[in-house]
Amino acid sequence: MSHKRIPKRKAAMAVGGVVALGAAAILLPNANASQDGASDGVAAAPKTLKAGDASDLATRLAGTLGDAYAGAWYDGEDKQLVVNVVRGENTMALKVRSAGAEVRWVDNSMTELEAGAGTLKSEATIPGTSWAVDPRTNKILVTADSTVTGDKWDQLESTVENLGSGMATLKKSAGTFRTFASGGDAIFAGGARCSLGFNVTAGDGSPAFLTAGHCAAAGDQWSDQQGGEPIATVDQALFPGAGDFALLTYDDPATDAPSEVNVGGQTVPIVQAAEATVGQQVFRMGSTTGLADGLVLGLNATVNYPEGTVTGLIQTDVCAEPGDSGGSLFTQDGLAIGLTSGGSGDCTVGGETFFQPVTTALEAVGATLGAGGQAGGQEQGAGQDAGDGEAGADDQAGAGDQAGAGDQAGAGDQAGAGDQADGQDGAGGQDGTGTGSGRHSGQDSGLSRTH
């Protein structure tokens, strides 16, 4: 599989079929546009940037501005980085403009916003809630699902109000927060269905892949067919806690695991891992719902699932459903961004969705991804000169020799697997009874090895 394994004997026969996601964009003509941030009205000349380069520039400016920095987001329509600067920090604003970004004056500092998130953690960690800093509003976005009612709602509402005027907004979601286990290509274990995220190379050089950590509770061995022979074994997993990711190593050491995503008869080469940027357009591939797109809404999100609290996630408006867990979140130019964790709603009514950052997962498990063999947190040097926005993802073209599109029809034949839903996701996900305990007894506090 392109997300699936391709045994080397098949790889020699495969026909190159890699295409850019421009084709996928045709499948999604109503792709969401990024929301614009308000300008401060002062003449400036922000540079045109790719999303990946904007992310690098935001990271650099965060270090330069110190306490004057209050977040940033990517304006996908104008292809510019907008940086929040605490009101009155004129010298820092000049640095932002000289670096090629647009300045937006705000009242809440990042320190104040993070302190507010800390208060929510200590006073309102209620299953069915989440929060993340939204740099576009310069507030904390707090969301409660349909299970948060009565005294729990009153507690959450009171905590938000006590943060002070202008610090947070409270939103009610019609759905229920749950892990989306049951998502590119389908993988199966113990009656559960998830999705393969990205093929990687494990620290010992063996072929492996990433998926959601909560999927690992369903079993150690996973197959690419329902009821089929195992092809991979869980090596490390984390859920709940500071992430939701797992590393599975292929049982056949000769497996050729190309760095690409199957988007339904076509493949997108994945060239490297990258940090998400608020406002960035992203695509999600899952075995249940296929290809969907949307925008990044928040970073470092905290989600209180029924199984426990997970921190450090990416919040988006990309839809997902049971079975999509572990699936790929990526960009049009081949950057690996995240792994599907969970959320509320579905692909009919929409909802909130959360993703494990790929860079964090790679660093934690010691794996590498992409044609250049980048490890987590070291993915792109192009952003070091993020002014021109030309470096980086375009060099993926050479990855077109990662053949295998012809071997990917298997993704389509998983369609009927949805009828496994006999309790698969019932009360918060099919893995609700075992996640964070039992087989992976160490998952609450940190990475656990299963063999």
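Before reading on, note that the structure itself is shown above.
So, here is what we can say about the structure in this document.

Conventions we followed
- Every chain is numbered independently, its residues counted from 1 as its sequence is written.
- In keeping with the predicted nature of the model, local features appear solely for residues at pLDDT of at least 70, side-chain atom pairs appear and are counted solely at 80 or more, and the whole-chain, interface and lining totals rest on all residues.
- Each side-chain value is derived from all of the structure's non-hydrogen atoms; neither hydrogens nor water enter the calculation.
- Throughout this description, the term salt bridge denotes a Lys or Arg side-chain nitrogen within 4 Å of a carboxyl oxygen of Asp or Glu.
- Working definition: helices are DSSP H or I runs of at least four residues, strands are E runs of at least two. Numbering for both runs from the N terminus.
- Relative accessibility thresholds used throughout: buried, under 20% of the residue-type maximum; exposed, over 50%; partly exposed, between the two (1.4 Å probe, protein chains only).
- With a 1 Å grid spanning the protein atoms alone, the term cavity applies to any set of points in which a 1.4 Å probe fits but cannot get out, the term pocket to an open set with protein on both sides within 12 Å along at least five of seven lines, and the term lining residue to any residue with an atom within 4 Å of a point.
- Grid points are joined across faces, edges and corners, and a volume is the space filled by probe spheres set on the points.
- As a working rule, the residues Ala, Val, Leu, Ile, Met, Phe, Trp, Tyr, Cys and Pro are called nonpolar, Asp, Glu, Lys and Arg charged, and the rest polar, with Gly in that last group.
- When two rings of Phe, Tyr or Trp (its six-membered ring) have centres within 6.5 Å they constitute a pair, described as stacked for plane angles under 30 degrees, edge-to-face for angles over 60, and tilted for the intermediate range.
- Strand pairing follows a simple DSSP-based rule, namely that at least 2 bridges must link the two strands.
- Axes, fitted as lines to C-alpha atoms, cover a helix only where it is in contact. Angles between the N-to-C directions of the axes lie from 0 to 180 degrees.
- It only takes one pair of heavy atoms within 4.5 Å for two residues to be counted as in contact.
- Here a polar contact is recorded for every N or O atom pair within 3.5 Å, except that within protein the pair must consist of a potential hydrogen donor and a potential acceptor, and residues adjacent in sequence are included only if both atoms are side-chain atoms.
- The definition of a nonpolar core used throughout is a set of buried Ala, Val, Leu, Ile, Met, Phe, Trp, Tyr and Cys residues joined through side-chain atoms within 4.5 Å.

The next subject is the pattern of salt bridges. A full pass over the atoms with the stated rule returns four salt bridges. Arg-87 is the partner of Asp-107 in a salt bridge, and the nearest nitrogen-oxygen pair spans 2.9 Å. With a gap of 20 residues between them, Asp-107 in the loop between β4 (102-106) and α5 (110-123) and Arg-87 in the loop between β3 (80-86) and α4 (90-98) connect regions that are remote in the sequence. Accessibility expressed as a relative area gives 55% for Asp-107, which makes it exposed. The shortest N-O distance in the salt bridge between Asp-134 and Arg-136 comes to 3.2 Å.

To find the voids left in a structure, one rolls a probe of water-molecule size over its atoms. Roughly 850 Å³ of volume is contained in the largest pocket. What lines the largest pocket is a set of 36 residues, among which Met-110, Glu-114, Val-133, Leu-299 and Asn-300 lie closest to the centre. Its residues assigned to classes, the lining of the largest pocket shows 19 nonpolar, 14 polar and three charged.

Our next topic: the packing of aromatic side chains. How two aromatic rings sit relative to each other is given by the distance of their centres and the angle of their planes. What the rule picks out here adds up to four aromatic pairs. Relative to Phe-354, the ring of Phe-177 has its centre 5.6 Å away and its plane inclined at 85°; by these criteria the two rings are edge-to-face. Given the relative accessible area of 0%, Phe-354 is considered buried. Centroid distance Phe-239 to Tyr-305: 6.0 Å. Interplanar angle 45°. Geometry classified as tilted. With Phe-239 in the loop between β14 (232-238) and β15 (245-250) and Tyr-305 in strand β21 (residues 290-305), this residue pair connects regions lying 66 residues apart in the sequence. Of the two residues, Phe-239 and Tyr-305, neither departs from the other in class, the shared state being buried.

Turning our attention to the sheet that holds strand β2 (residues 69-75). An order of β2-β3-β4 is seen for the three strands of this open sheet, with the pairing classed as mixed. In the strand order of this sheet, the two ends are held by β2 and β4, each with one partner. Across the sheet, the mean angle from the axis of one strand to that of its neighbour is 25°, orientation sign disregarded. Sheet topology places β2 next to β3; five bridges connect them, and they run antiparallel. Residue pairing for β3: Ala-72 is matched across the bridge by Val-83. Strands β3 and β4 of the sheet are contacted by α4, whose axis makes an angle of about 150° with β4.

On to the environment of Ser-195. Positionally, Ser-195 belongs in strand β10 (residues 192-195). In this structure, the C-alpha to C-alpha distance between Ser-195 and Ser-328, residues 133 residues apart in sequence, is 8.1 Å. Among the polar contacts made by the side chain of Ser-195, one reaches the main-chain carbonyl oxygen of Gly-323 at a distance of 2.8 Å.

Membership of the largest hydrophobic core comes to 25 residues, with the highest contact counts inside it found for Phe-198, Leu-210, Phe-330 and Val-358. Of all the elements in the fold, those that place two or more residues in this core are β11 (198-201), β12 (207-211), β15, β20 (281-286), β24 (335-343) and α7 (358-365). Ranked by residues supplied to this core, first place goes to α7 with four residues. Counting residues in each nonpolar core, the second largest holds 19 residues, with Ala-58, Leu-81, Ala-93 and Val-103 among its members.

None of the figures reported here should be taken as evidence of function without further support.
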